[in-house]
Every structure is written in structure tokens, then in C-alpha cells.
Amino acid sequence: QLQLVESGGGLVQPGGSLRLSCAASGFTLDGTAIGWFRQAPGQEREEVSCISGSGASTHYASSVKGRFTISKDNAKNTVYLQMNSLKPEDTDVYYCAALPRSVHVCFEFSTDYEYWGQGTQVTVSS
């Protein structure tokens, strides 16, 4: 069974850090593009960052560039999203999504991805 499981969300003060994990089972992340998205209630799901299947290509939304870092550990079959200098406006449910057989590119649109995790809540508040 193909599955993605996010973890690492929680409550953090403004300026703090969190590291989200996206662990895959039933398929390999080597050669699979991964996207991180976030969504608030009643809002569109928006891309945060993505990484290509090879790990050589990444993309960041302008709102998180310089603060968030995406990385991939193929040995652990896990993708990470390191989030620093968090702001209240980063509060959302964060989802990871997978597109197998996408070695060289990743995609900014949620409709490009085939598999989704259940999401993890990130709350930035004092």
C-alpha cells in the first residue's frame, strides 16, 4: 500500500523553528518528486516547496524563500521541510505529496501530484 505520513507539526512561537517529515512506504522516494503544500480552512491549497526525484532541483514559494529548506534522505525514504523564522502567517495544515517517475523536475501545482499524506498542523503563536 502506497502511503505518505507527515509528522513534526506543533505549536511554536514566532521566530521559532520546526522540522516536518514526510515518510513514504510502499514505494521509493528515489526518483519521486515531493511537494509540500499548506492549506487553511476555506482557502486554496498552496505550494510551499518541492524537490525533484533526484534531489537536484528545488523550488520555494516566495513567502518562504530564505526561511524554509527542503531536503531528501533516500536511505530513510523521507523528505524533510526545515522551517526557520516562523511567522503567524505560516499557521496552516501542511501536506506532502508525491509524483513518482519525476526525476529531474518538481511541480508547483497540487493537481500534478498523485499521492497525498494526511497533513500535520503547524501553529505559530505567542
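What you are looking at is a predicted structure, and each value in this text was computed from that prediction instead of being measured.

**Student:** When you look at the pairing of strand E5 (residues 46-51) in this model, what are you seeing that I'm missing?
**Tutor:** Look at any regular strand and the pattern is simple: side chains alternate between the two faces of the sheet. E5 sits mainly inside the fold: 5 of its 6 residues count as buried. Where strand E4 (residues 33-39) meets E5, 5 bridges bridge the pair, whose relative direction is antiparallel. Of the residues in E5, the one forming a bridge with Phe37 is Glu47. Connecting the antiparallel pair E4 and E5 is a turn made up of 6 residues, with Gly42 showing a positive phi of about 80°. Pairing analysis gives 3 bridges linking E5 to strand E6 (residues 58-60), with the strands arranged antiparallel.

**Student:** Looking at this structure, I do not really get the side chain of Lys72. What am I missing?
**Tutor:** Inspection of the secondary structure assignment puts Lys72 in strand E7 (residues 68-73). Notably, Lys72 is buried but unbridged: the nearest opposite-charge side chain belongs to Asp30, and the N-O separation is 6.1 Å. Polar side-chain contacts of Lys72 include one of 2.7 Å to the backbone oxygen of Thr32. A distance of 3.0 Å separates a polar side-chain atom of Lys72 from the backbone oxygen of Gly53.

Basis of the calculations
- Residues numbered from 1 in each chain as written.
- Predicted model: local features only at pLDDT ≥ 70, side-chain atom pairs only at ≥ 80, totals over all residues.
- Heavy atoms only, no water.
- Buried < 20%, exposed > 50% of the residue type's maximum accessible area, 1.4 Å probe, protein only.
- Helix = DSSP H or I, 4+ residues; strand = E, 2+ residues; numbered from the N terminus.
- Pairing = 2+ DSSP bridges.
- Lys, Arg positive; Asp, Glu negative; His and termini not counted.
- Salt bridge = Lys/Arg side-chain N within 4 Å of Asp/Glu carboxyl O.
- Polar contact = N/O pair within 3.5 Å; in protein donor to acceptor, adjacent residues only side chain to side chain.

Read these as spatial facts, not as claims about activity.
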